[in-house]
Amino acid sequence: MPTTEELKALVAQVPDPDPNGTYVNLDDAKIGRIRQVVGDLHKGGRDAVVGLIDMLAEPGQGNDVKPHFALHLLAVHVTGLGDDKARAQFALAVASQVGSDRPKGVRKYLIQELGLAGGREVVETLGQALLDADLCDDAARALAAIRDGAAEQFLAALPKVQGRSRLSLIKKLGVLCCAKAADAFKQALGDEDADVRIAAAWGIARIADASAADALLAAADRREGWERFNETDACFALAEGLLAAGRKAEAAAIYTHLGKTRTAPSERHVREAAERAGAAAK
Amino acid sequence: MGRPDGRVSRRTFLQGTAAAAAFAIVPRNVLGGPGQSPPSETLAAALIGCGGQGGEDLESYITNAGGRYRLLAACDVDKGRLAQARKKFGDQVEPYTDFRRLLERQDIDVVSIATPPHWHALLCIAAAQAGKDILCEKPMTRFIAEGRAVVTACKRYGRVFQIGTSGRFGAYKSDLGRRIHKIMRSGLLKRCPAVHVHKGGFPVRGYCGLVNARPEPVPGHLDWDLYCGPSPLRPYHPHRFGGSHRNYWDYEGGSLADFAQHYMDPLQWTYGKDDTSPVEIDSCAAPQHPEACGLWAWAELTYADGFTIVLDGNEWGPRYDRKPPRRLELSDLDKESRKKVEAMPDPEPPRSFVEAVKTRREAGGHVEAAHRAVTLAHLANISIRLGRKIRYDPVKEEIVGDEAANRLVYQPMREPWHL
């Protein structure tokens, strides 16, 4: 367990970037030194990780090039050991600092690294971060990367957030194909924000929710421009999902509807796509 | 410009129709296509991304292929570049700062995408949804899962796609290239002993990103949020924009991502690998920074049949010396198989974009081939970023047994964007 001074001395061994600010100056000796530092940091356990995080700074508020680099290399290192316990210990150490009063830029960086090295053991921490509007999108991306246990965090946070955070969560529930979000998707299909409606349509398609097909088709029919493109696309994706689930008749009904309603010259590609897919589905 | 709710305003509609009428351009989406009236000879085009490569693909893949186009619209998040584009291409070009409004125009046949690569996939998908054919600059995507989503969208809507590299057109003209292609496609070769070493042509050092960039104020002419788009919203720094964006994982992936599609496109056609990917990838590189691309020496990518591709940066680190280069020869087949291959007809030549649009058939640099070509660069970069060998399932398009590596295959996007 290194002392603060020992840790600083260790991190100082990470080479400086070249005068232009890039790492084009790395050679065998410097790379060897980096690997040694990472190995020693790993041996230092939780205290070394937290100590390293203590050296991080908000972007533009200090020189944290070396600890920033070292923390990432440590994250990469623990994901390549084939030792899930070691990886989880690292992730928990990082996660322990996400809810701290550290600058937002630092916490975003920690969340980013959890998106690489974190697992189920950190989803609750990231779930808490979803409630912070400044961290929500980063935390949502990290959770969507982790997947395991993430949907529950999104579902729990959804009623507590608004605006862009809500959009983030609905979108990521779609990424995770979360069937438990079916009602949330249906409700959001009538939201006043077009981006939320598009996210909801996409979510319905992702979970192949046949019960929402009529609502989705009606929504897509009502829209124009960008939103119509997206919601029509969700109709196709829903039909494909239903086909994959063996629900041919319901898929065919979607294709038939699109074929009959997309009659304008500008939507010929949609009509033809629906006709092709409908024929293939028979 | 359209309205924030996504609808096209009357003004925009009138501008669009006026522009089309003024130049007597009949959009192909009105006249062209199978079973319809003969298509207009001039494609109505739009450009998204007005930087360095903006407009180049329209010349390369339409004008140089004997076609004609008229640029009607251009879009960029940088108002300065947009103004320059208008100066360069003419006053008929309607400027847009939001691609969504541009794609809502009904008089556009072809969209040329020349933004930084972190936008390519989303723009290709959106263009396909809007019924436009697509010219997409290389590299096609920023990560592997994006490519599959683009393939799905293009196939769903029957759109013609051409990647911005033309190596396979040259490979087809080569007797050697066609012979190797026939050997590979014959199915008569059990194991492929070929080793292709591509040495150099990667400015490795020049494509390293800054690791100490201090945030700067966003210039007034730039919509930084929309520029970052699906990638993380980082503090602005000029090096993350305007060409040097290539040096950051958020937007591209260094010299390897920027150049490999050029080098791999003809090779992939020659060796008949347009529908698959390597199964094992190893590399030699310096430790990689989380945001800034760094130094690498080489990457070795091996297909299930043994065919090996080596990308040797030839700038930094040790040279690749695991396997000597080795070309595939007819003599690698037994006598009977040789006769069969020699009797095979030449493969169909790759179709130009212009011909593909007219006939509604696949262009030479089609979407699946482009996806598989850029996958080589992405796989090499994943191995480089993690500093270890990875194994890949080319059917599921997933890394096998390495969770962290898989998280680089599919990278969740920032709101409101999704694949």
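Criteria and cut-off values
- Residues numbered from 1 in each chain as written.
- Chains lettered and ligands numbered in written order.
- Predicted model: local features only at pLDDT ≥ 70, side-chain atom pairs only at ≥ 80, totals over all residues.
- Helix = DSSP H or I, 4+ residues; strand = E, 2+ residues; numbered from the N terminus.
- Rg over C-alpha atoms; globule rule 2.2 N^0.38 Å.
- Buried ≥ 20, exposed ≤ 12 C-beta atoms within 10 Å, placed from the backbone.
- Contact = placed C-beta atoms within 7 Å.
- Nonpolar A, V, L, I, M, F, W, Y, C, P; charged D, E, K, R; others polar.
- Pairing = 2+ DSSP bridges.
- Axes fitted to C-alpha atoms, helices over the stretch in contact; angles between N-to-C directions.
- Domains from an automatic or database assignment.
- Right-handed = clockwise from strand over helix to strand, strands pointing away.
- Parallel < 35°, antiparallel > 145°, perpendicular 65-115°, else oblique.
- Left-handed = near helix turned anticlockwise from the far one by under 90°.

(A) Local environment of the overall build of chain B. Scanning chain B from terminus to terminus reveals 15 helices and twelve strands. Relative to the 2.2 N^0.38 estimate, which gives 22 Å for 419 residues, the radius of gyration of chain B is 22 Å and therefore close to what a compact globule would have. Considering only C-alpha atoms, chain B reaches an extent of 70 × 55 × 35 Å along its principal axes. Within chain B, buried positions represent 58% of all 419 residues.

(B) View of the overall build of chain A. Counting its secondary structure elements, chain A contains 16 helices and zero strands. Over its C-alpha atoms chain A spans a radius of gyration of 24 Å, topping by over 25% the 19 Å that the globule rule assigns to 282 residues. Overall size of chain A, expressed as C-alpha extent along the three principal axes, is 70 × 40 × 35 Å. Each of the 282 residues in chain A was classed as buried or not, and the buried ones make up 51%. The long-range share in chain A, meaning contacts at least 24 apart out of those at least 6 apart in sequence, stands at 61%.

(C) Inspection of the environment of G127 of chain A at higher detail. Residues and elements named next belong to chain A. Turning to its location among the elements, G127 is positioned in helix α7 (residues 123-129). Once the C-alpha coordinates of G127 and D148 are considered, the two residues, 21 residues apart in sequence, prove to be 12 Å apart. Beyond its immediate stretch of four places on either side in the chain, G127 contacts Q153, A156 and A157.

(D) Quick peek at the interface of chain B and chain A. Taken together, the 44 residues of chain B in the interface contact 49 residues of chain A. Elements represented by at least two residues in the side of chain B that touches chain A include exactly α2 (28-31), α6 (120-129), α7 (144-157) and α15 (403-409) of chain B. For the side of chain B that touches chain A, the per-class residue count stands at 20 nonpolar, 13 polar and eleven charged.

(E) Representation of the sheet that holds strand β4 (residues 110-113) of chain B in the model. All names here are of chain B. Taking strand neighbours across the sheet as the criterion, the six strands line up as β3-β2-β1-β4-β5-β6 in an open arrangement whose pairing is parallel. Pairing within the sheet leaves two strands with one partner each, and these edge strands are β3 (94-96) and β6 (161-163). On average, each strand axis in the sheet is tilted by 25° relative to the strand beside it, whichever way the strands run. Sheet topology note: the strand β2 (residues 68-75)/β3 ladder contains three bridges and is parallel. Residue pairing in the sheet places C75 in a bridge with Y96 of β3. Seen against the sheet, helix α4 (residues 79-89) touches β1 (42-48), β2 and β3 and runs at an angle of roughly 160° to β2.

(F) Examining the domain arrangement of chain B more closely. Residue and element names in this part refer to chain B. Taken domain by domain, chain B comprises domain 1 (10-167) and domain 2 (171-208 + 248-348 + 363-409). Each of domain 1 and domain 2 was reduced to a C-alpha centroid, and the two centroids are 29 Å apart. Mapped onto the side of domain 1 that touches domain 2, the elements with two or more residues apiece are α7 and β6. If one sorts the elements of the side of domain 1 that touches domain 2 by residue count, α7 sits on top with seven residues.

(G) Looking closely at the pairing of β4 of chain B. All names here are of chain B. Of the two faces of β4, the one lined by V110 and S112 and the one lined by V111 and I113 are each fully buried. Where β4 and strand β5 (residues 133-136) come together, four bridges link them in parallel fashion. Residue pairing across strands places V111 opposite I134, the latter belonging to β5. The handedness of the β4 to β5 crossover, carried by α6, is right-handed.

(H) Focus on the sheet that holds strand β10 (residues 308-312) of chain B. All names here are of chain B. With mixed pairing, six strands are arranged side by side in an open sheet as β7-β10-β9-β8-β11-β12. This sheet does not close on itself; its edge strands, each paired only once, are β7 (195-199) and β12 (398-400). Strand after strand, the sheet turns through a mean of 25° between neighbouring axes, direction not considered. Bridge count between strand β8 (residues 280-285) and strand β11 (residues 390-393): two bridges; the pairing is antiparallel. Opposite E280, over in β11, you have R391 as the bridge partner. Along the sheet, helix α11 (residues 254-270) makes contact with β7, β9 (296-302) and β10, crossing β10 at roughly 145°. Its contacts with the sheet place helix α14 (residues 367-386) against β8, β9, β10 and β11, and it is angled at close to 55° to β8.

(I) Spotlight on the pairing of β9 of chain B. Residues and elements named next belong to chain B. With seven of seven residues buried, β9 is to be regarded as a mostly interior element. Where β8 lies against β9, six bridges are found, and the strand directions are antiparallel. In the strand pairing of β9, S283 is matched with A299. Summarising the sheet, β9 and β10 pair through five bridges and their orientation is antiparallel. Across the sheet, W298 pairs through a bridge with D312, a residue of β10. Hairpin geometry of β9 and β10 is characterised by an intervening segment of five residues between the two adjacent antiparallel strands and by a positive phi of about 100° at G306.

(J) Spotlight on the packing of helix α10 (residues 163-175) of chain A against helix α12 (residues 194-206) of chain A. Residue and element names in this part refer to chain A. The geometry of α10 relative to α12 is characterised by a closest axis approach of 8 Å and an angle of 15° between their N-to-C directions. As judged from the angle between their axes, α10 and α12 are roughly parallel. Handedness of the crossing formed by α10 with α12: left-handed. Taken together, the residues of α12 that come into contact with α10 (itself represented by R166, L167, I170, K171, L173 and G174) are D195, V196, A199, A200, W202, G203 and R206. For the contact of α10 with α12, the residue count by class is seven nonpolar, two polar and four charged.

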